[in-house]
Amino acid sequence: MELVLAIVAGALYACGLYLMLRRRLAQLIIGLSLLANGSNILIFAAAGVTRGQPPIVEDAAVTAASFADPVPQSLILTSIVIGFGVLAFALVLAHRVHASAGSDDIDAIRLDGD
Amino acid sequence: MLLVLPIIVPLATAIALQLLPHRPRLLRGVAFAGALVILGVAVALFARVQTEGIQVTRIGSWPAPFGITLVADLFSALLVMMVGIIGAAVTGSSFAGVDPRREALGYHALIHVLLMGVSGAFLTGDIFNLYVWFEVTLISSFVLMSLHRTRAQLHAAFIYVALNLLASAFLLTAIGLLYGQAGTLNLADLARTWPERRTPALDAALSMLFLTAFGIKAGLFPLFFWLPASYHTPPAAVGALFAGLLTKVGVYAMIRVFTMLFPDPANSVYSVLLVLSAITMIVGLIGALAQRDMRRVLSFNLVGHIGFTTVGLALWTPAALGASILYVLHHMLVITTLFLISGLFLRQRRTTDLASLGGLYRSHPAIAVLAMVPIFSLAGVPPLSGFIAKLGIVTAALEGPHYWVAAVALAVGLLTLVSMARVWDEAFWKPSPTKSVTTAPAPLMVVPIAALVCLTIALSVAAGPVFEISRRAADQLLHADEYVRAVLGGR
């Protein structure tokens, strides 16, 4: 399972960075969101995946293998929420840039706007 | 309790500002009062840290490595105090007038959210929490930057947003990998357990990821290009706030995380950081010399001087790190003052282009005298604070094996002098190129500048004691066991 997640995370990072290197705003934003999702999956994979165990147990005498680590899940939840807000903002900003420049090519905006 | 206040006070102020009826004078008054309370709380916190040592608060009373802890050592307390000072200066300058459209869109509340994010980043003792505070700071700075709709500003804001989000992704990746290996996110717990759990490969990858993430935020070469492309576009007060606080959050995070996680001066990341700091200084100042607009000159100077603040970490001696901490304090004060002064030019001449400025010494001698202090302090003219901080870095560099850094620092000091002398010459000495109507300077805009100038002079006069404090702060940073004991107790 970790191997699959690691490959998925790697693919998301590669696609995200490739898209961020493109010149169009829409691709840049999709790249950013892929990158954010890639890092979420990376946290999940790096912290270790435990199958079929609850994250929170009442019994004090538990071993490390008998429950799933809740911390990475809460980290991912936090970063999904933050990423969602940031992505929404970036989309609105891109929309405004597009509306004022009439183009979503970064170089075209720069030449006129600077 | 005192530790939570620098975060709670700006939050409460921001909420109050949103709920209050929309009357500009009232909003400005509340925003300024809130900033003064932050300053008061920060001074009290600093006094407490001075006398009683490192302060720790466990949020929700969860024991240390499990819950989020807030920690204030000398370095954090000093920087939180600077947040109060800069916050008060920037909100104080809003009395002279803010663009009404910005004010209607929540300008004052956003500034307080930004102050909350920066204080939180300085006080947190948990690395994931640090990421969250970074995002709080970023979101408010994004909105502050793009409140305006001119095309150049939108373009600058987009570059700023994209690069900072990339930095956040790098930081999150590093934190994920770190948690996977260490199983904890508490900085003190990491400092204690990481030396046993680290593997050389992971150490190298992590240090480079952290260097990239914090390097983008701090504006290190070759990751700084977003900064001069965006900092000259927002209004001068926002520019002053960003220049004074935001890059320093990156520098702070770099110093904090690296001293905790990689306490081995032989680590190759420090050689990389040393070279990058030196190149940042040189490239920043060469960039500054090539610019014709005062705010762009200042932006490049900001980048160049970031090199001085990271070089102390790279040299890894108490003397060097202490000098860098002093440099951070000095630079926060001076660059904020200079950006506010550029706002004054903008108000009077409608431009910060050096070619069309001039004759200000003849028309406004008092402002010229005020501006002289930060300009020549940044340039490092004795006896001002910039000289003392640079002297500290040069002597620290000469003590170690990397004496070439001293040569770079001296050469960059000379370049700064040239760049600042040109600003002085073009804006104040040169006869005015246009027969412009000389309006009286807005007195409300001059007051915060005068206050910051007085603080700069005070920092120069009290340089001995302040340097002593920053040396002790550096000692605390380089010997993490005091921090670890304060957070985790005797275990």
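Residues numbered from 1 in each chain as written. Chains lettered and ligands numbered in written order. Predicted model: local features only at pLDDT ≥ 70, side-chain atom pairs only at ≥ 80, totals over all residues.

## Quick word on the overall build of chain A
Reasoning step 1: For chain A, the count of helices and strands is 4 helices and 0 strands.
Reasoning step 2: Its helices and strands taken in sequence order, chain A reads α-α-α-α from the N to the C terminus.
Reasoning step 3: Per-residue burial over chain A gives 32% buried out of 114 residues.
Reasoning step 4: Once local pairs closer than 6 in sequence are excluded, the contacts in chain A between residues at least 24 apart make up 52%. (Helix = DSSP H or I, 4+ residues; strand = E, 2+ residues; numbered from the N terminus. Buried ≥ 20, exposed ≤ 12 C-beta atoms within 10 Å, placed from the backbone. Contact = placed C-beta atoms within 7 Å.)

## Regarding the overall build of chain B
Reasoning step 1: Within chain B, the regular secondary structure consists of 21 helices and 2 strands.
Reasoning step 2: A compact globule built from 491 residues would reach a C-alpha radius of gyration of about 23 Å, and chain B, at 21 Å, matches this within 12%.
Reasoning step 3: Viewed in the frame of its principal axes, chain B has a C-alpha envelope of about 70 × 55 × 45 Å. (Rg over C-alpha atoms; globule rule 2.2 N^0.38 Å.)

## Points about unusual backbone geometry
Working note: non-glycine residues mostly have negative phi, and peptide bonds are mostly trans.
Residue and element names in this part refer to chain B.
Reasoning step 1: Cis rather than trans, the peptide bond between Phe 221 and Pro 222 has omega equal to -5 degrees.
Reasoning step 2: With respect to the helices and strands, the residue Pro 222 is situated in the loop between helix H9 (200-218) and helix H10 (226-230).
Reasoning step 3: Positive phi outside glycine occurs at Ser 61, with the angle close to 60 degrees.
Reasoning step 4: By secondary structure assignment, the location of Ser 61 is in the loop between strand S1 (55-58) and strand S2 (69-72).
Reasoning step 5: Even without being a glycine, Trp 316 presents a positive backbone phi close to 60 degrees.
Reasoning step 6: Relative to the helices and strands, Trp 316 resides in the loop between helix H13 (294-315) and helix H14 (318-349).

## Quick look at the packing of helix H1 (residues 2-20) of chain A against helix H2 (residues 25-46) of chain A
Residues and elements named next belong to chain A.
Reasoning step 1: Their axes nearest at 7 Å, the elements H1 and H2 cross at an angle of 160 degrees. What the angle tells us is that H1 and H2 run roughly antiparallel. Considering the relative orientation of H1 and H2, their crossing is left-handed. (Axes fitted to C-alpha atoms, helices over the stretch in contact; angles between N-to-C directions. Parallel < 35°, antiparallel > 145°, perpendicular 65-115°, else oblique. Left-handed = near helix turned anticlockwise from the far one by under 90°.)

## Considerations on helix H3 (residues 70-101) of chain A
Since the α-helix turns once every 3.6 residues, residues separated by three or four places project in the same direction.
Reasoning step 1: Its 32 residues give H3(A) an end-to-end C-alpha distance of 46 Å, which sits within 8% of 46 Å, the value for a rise of 1.5 Å per residue.
Reasoning step 2: Three or more residues of H3(A) are buried, namely A:Pro72, A:Leu75, A:Ile76, A:Ser79, A:Ile82, A:Gly83, A:Val86, A:Ala90, A:Leu93, A:Ala94, A:Val97 and A:Ala101. (Expected span 1.5 Å × (residues − 1).)

## Some details on the interface of chain B and chain A
Many authors give the size of an interface as the accessible area that is lost as the parts come together.
Reasoning step 1: At the junction of the two partners, chain B supplies 24 residues and chain A supplies 30 residues.
Reasoning step 2: Of all the secondary-structure elements, those providing two or more residues to the side of chain B that touches chain A are helix H6 (127-146) and helix H7 (151-182) of chain B.
Reasoning step 3: The leading source of residues in the side of chain B that touches chain A is H7(B), at 17 residues.
Reasoning step 4: For the side of chain B that touches chain A, the class distribution of residues is 16 nonpolar, 5 polar and 3 charged. (Nonpolar A, V, L, I, M, F, W, Y, C, P; charged D, E, K, R; others polar.)

## A look at the pairing of S2(B)
All names here are of chain B.
Reasoning step 1: Burial along S2 is two-sided: the residues Thr 69 and Val 71 and Leu 70 and Ala 72 are all buried.
Reasoning step 2: By the bridge criterion, 4 bridges tie S1 to S2 in an arrangement that is antiparallel. If you follow Thr 57 over to S2, its bridge partner there is Leu 70. (Pairing = 2+ DSSP bridges.)

## Let's talk about the environment of B:Val56
Reasoning step 1: Within the element layout of this structure, B:Val56 appears in strand S1.
Reasoning step 2: If near-sequence neighbours (up to four positions away) are discounted, B:Val56 is found in contact with B:Thr69, B:Val71, B:Ala486 and B:Val487.

## Quick word on the confidence of the model for chain B
Caution applies to low-pLDDT parts of the model: their predicted coordinates are not meant to be read in detail.
Reasoning step 1: Across chain B, the average pLDDT comes to 87, with 98% of residues at or above 70.
Reasoning step 2: When mean pLDDT is taken per element in chain B, helix H5 (residues 107-123) of chain B scores highest with 93 and helix H15 (residues 360-363) of chain B scores lowest with 76. (pLDDT = per-residue confidence, 0-100.)

## As for H13(B)
Reasoning step 1: The end-to-end C-alpha separation of H13(B) is 32 Å, in line with the 32 Å expected for 22 residues at 1.5 Å each.
Reasoning step 2: Trailing H13(B) by a residue or two, B:Trp316 shows a phi angle of about 60 degrees, which is positive.

## Here we look at the nonpolar core
All names here are of chain B.
Reasoning step 1: Leu 78, Val 83, Leu 241 and Ile 393 are the most contacted members of the largest nonpolar core, which has 231 residues in total.
Reasoning step 2: Looking at which element gives the most residues to this core, the answer is H7, with 21 residues.
Reasoning step 3: If near-sequence neighbours (up to four positions away) are discounted, Leu 241 is found in contact with Ile 86, Val 90, Ile 111 and Leu 114. (Core = buried A, V, L, I, M, F, W, Y, C linked by C-beta atoms within 7 Å.)

## Looking at the environment of B:Ser356
Residue and element names in this part refer to chain B.
Reasoning step 1: Here Ser 356 lies in the loop between H14 and H15.
Reasoning step 2: For Ser 356, a count of 17 C-beta atoms within 10 Å translates into the label partly exposed.
Reasoning step 3: Placed 76 residues apart in sequence, Ser 356 and Ser 432 show a C-alpha to C-alpha distance of 7.5 Å.
Reasoning step 4: Among all residues touching Ser 356, those that are not within four sequence positions of it are Arg 349, Thr 351, Pro 433 and Thr 434.

## Observations concerning the environment of B:Val30
Reasoning step 1: Among the secondary structure elements, B:Val30 is positioned in helix H2 (residues 24-52).
Reasoning step 2: Judged by local crowding, B:Val30 falls into the partly exposed class, with 18 C-beta atoms found within 10 Å.

## Digging into the confidence of the model for chain A
Reasoning step 1: Residues at a pLDDT of 70 or more form 87% of chain A, whose mean pLDDT is 83.
Reasoning step 2: Averaged pLDDT values for the elements of chain A fall to 60 in helix H4 (residues 106-113) of chain A and rise to 92 in H1(A).

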